[in-house]
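Structural features, examined
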Amino acid sequence: MGARSQQWEDNYNKVWEFVTANHRGPSRHHIEEHRMLNWMKFNRRKLNANVMDDAQKERFLRLQELIHSFHRVNQYE
């Protein structure tokens, strides 16, 4: 495993642990979460440009689904 892929794994694990602990994604309103938010935005751009490798793509999509599962639903709709 290369240094880049190890760094990606570390960031992925850090964001995953944050989301499972706080039941939300990283916020732009909290300075201490900016590094995780920027990592998420960078990888979202890579995903949309279709330049992410398949293993990372699958794991990143799973992370996005986890974050989306904590979104609130309007009960009056």
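Everything below is about the structure printed above this text.
Residues numbered from 1 in each chain as written. Predicted model: local features only at pLDDT ≥ 70, side-chain atom pairs only at ≥ 80, totals over all residues. Heavy atoms only, no water.

**Some words on the packing of aromatic side chains**
Short version of the rule: Any two rings among Phe, Tyr and Trp, with Trp reduced to its six-membered ring, count as a pair given centres within 6.5 Å; such a pair is stacked if its planes are under 30 degrees apart, edge-to-face if over 60, and tilted if neither. By definition, any uninterrupted DSSP run of H or I lasting at least four residues is a helix, any uninterrupted run of E lasting at least two residues is a strand, and each is numbered from the N terminus. When a residue's accessible area, from a 1.4 Å probe over protein chains only, is under 20% of the maximum for its type it is buried; when over 50% it is exposed; and in between it is partly exposed.
Tallied over the entire structure, the rule returns four aromatic pairs. Their ring planes at 10° and their centres at 5.4 Å tell us that tryptophan 8 and tyrosine 12 sit as a pair that is stacked. Here the residue tryptophan 8 and the residue tyrosine 12 both occupy positions in helix α1 (residues 3–22), the gap between them amounting to four residues, near one helical turn. The pair formed by tryptophan 8 and tyrosine 12 is uniform in burial state, with each residue classed as buried. Judged by centre distance (5.4 Å) and plane angle (55°), the ring pair of tryptophan 8 and tryptophan 39 falls under tilted.

**Things to note about unusual backbone geometry**
Peptide bonds are trans in most cases, and residues, glycine excluded, mostly fall at negative phi. The phi torsion at histidine 23 lies on the positive side, around 55°, for a residue other than glycine. Within the fold, histidine 23 resides in the loop between α1 and α2 (34–48). By relative accessible area, which is 46% here, histidine 23 ends up partly exposed. In this model, asparagine 50 sits at a positive phi of 60°, which is unusual for a non-glycine residue.

**With respect to α2**
Our working definition: For a helix, the expected span equals 1.5 Å multiplied by the residue count minus one. This arc corresponds to the set of directions leading from the helix axis out to the C-beta atoms. It only takes one pair of heavy atoms within 4.5 Å for two residues to be counted as in contact.
In this model, α2 (15 residues) spans 21 Å end to end at C-alpha, consistent with the 21 Å of a helix rising 1.5 Å per residue. By the burial criterion, the buried members of α2 are Met36, Leu37, Trp39, Met40, Asn43 and Leu47. For α2, the buried positions fall inside an angular range of 160° around the axis, keeping them on one side. Residues of α2 that are exposed and point over 90 degrees away from its buried face: Arg35, Arg45 and Asn48. On its buried face, α2 is in contact with α1 and α3 (54–69). Positive phi shows up at asparagine 50, right after α2, with a value of about 60°.

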